[in-house]
Every structure is written in C-alpha cells, then in structure tokens.
Amino acid sequence: QVRLVESGGGLVQAGGSLRLSCAASGRAFSGYVMGWFRQAPGKEREFVAAISWSGGTTYYADSVKGRFTISRDNAKNTMYLQMNSLKPEDTAVYYCAASNYCSGYSCYEVKRYNGWGQGTQVTVSS
C-alpha cells in the first residue's frame, strides 16, 4: 500500500496561487495513476485532476481547467498541483489519491482510488 502525505495548503486571497505537493512512500509510486480531490464543508468529495503513471496524460475537472496544473516527478515520488487564479469556491480540503488502474472518465471516480492522504486545507478569501 502506498502512503501519501499532502502539503502546501494555506490561506490565500482570490486571484492568488498555491502549489500543493503529495509525497508518496511504500509501494512503487510510478505504478499508480495519481489524482487530486477536494471536499468542501457539507459537500461530497469531488474530482479535481489526475495524471497517468508516466505523466503523459492528464485529466481536469471543468471547474479548474485552465487554472490548475497537475504534474509528477517519479524520481522524487512526488505529485504536484499548481493552482493559479484561485477563487473562493476553491476553498476545501484537498486530498491526493492513488489508483492501481483507471482510464478516461473512470479516473474521475472516488471509488477508483485505493490510497488516500490525510488532506491539506486550502482557503481562498474574497
């Protein structure tokens, strides 16, 4: 089982930027599809972005497309989420997750991921 630890969250003004990191340990990081999800108070956990094991394929929720960029460095066992032009509605706890396998729209589904981090809070003030 892969172990995941997120970092980089914080408080930022609308229009600002943050970079989240997800450090992995345990089983081979490069074998997983990796994803970012978020959960706001009173709402269900929702898909944000995902990246294939090689980094060659990425997926984004429509709400973050053009503002967020997902990337990974398999040599460092780390995944990133660069978040620009942040909006108050981006406020949530952000989780990184690992999937043994998903493809296309299945990578948007929470149930496809079997490893989760503890989450990091992102708060965007207006």
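Owing to the predicted nature of the structure, the values given are computational and were not obtained by experimental measurement.

What counts, and where the lines are drawn
Residues numbered from 1 in each chain as written. Predicted model: local features only at pLDDT ≥ 70, side-chain atom pairs only at ≥ 80, totals over all residues. Heavy atoms only, no water. Disulfide = S-S within 2.5 Å. Helix = DSSP H or I, 4+ residues; strand = E, 2+ residues; numbered from the N terminus. Salt bridge = Lys/Arg side-chain N within 4 Å of Asp/Glu carboxyl O. Buried < 20%, exposed > 50% of the residue type's maximum accessible area, 1.4 Å probe, protein only. Pairing = 2+ DSSP bridges. Phe/Tyr/Trp six-rings, centres within 6.5 Å; stacked < 30°, edge-to-face > 60°.

Moving on: the state of the cysteines. Enumeration over the complete set of coordinates arrives at two disulfides. Here C22 engages in a disulfide with C96; their sulfurs sit 2.2 Å apart. Negative torsions about the S-S bond denote left-handed disulfides, and the value of about 60° found for C22 with C96 makes this one right-handed. Of this pair, C22 sits in strand β3 (residues 18-25) while C96 sits in strand β9 (residues 92-99); the two residues are 74 residues apart in sequence, bridging distant segments of the chain. Across the protein chain, the way the bonded cysteines pair up, counted in sequence order, is 1-2, 3-4.

Attention shifts here to the pattern of salt bridges. A complete count under the given rule lists five salt bridges for this structure. R38 is the partner of D90 in a salt bridge, and the nearest nitrogen-oxygen pair spans 2.9 Å. Of this pair, D90 sits in the loop between β8 (78-83) and β9 while R38 sits in strand β4 (residues 33-39), placing them 52 residues apart in sequence. The class for D90 is buried, based on a relative accessible area of 1%. A residue is classified by how much of its surface remains accessible, and R38, at 6% relative accessible area, is buried. Several salt bridges share partner residues, and in doing so they unite R38, E46, R67 and D90 into one network.

Looking at chain direction, strand β1 (residues 3-7) and β3 are connected through five bridges and run antiparallel. Paired with L4 across the strands is A24, a residue of β3. The pairing of β3 with β8 spans six bridges and is antiparallel. Bridging across to β8, S21 finds its partner in Y80.

We now examine the packing of aromatic side chains. Under the defined criterion, the tally for this structure stands at seven aromatic pairs. For the pair F37 and F47, a centre-to-centre distance of 5.7 Å together with 75° between the ring planes defines the contact as edge-to-face. A residue pair is termed long-range when its members are at least 10 positions apart, and F37 in strand β4 and F47 in strand β5 (residues 46-51) qualify at ten residues. For the pair formed by F37 and F47, the shared burial category is buried. Between Y105 and Y108, the ring centres sit 5.2 Å apart and the planes meet at 45°, which makes this aromatic pair tilted.

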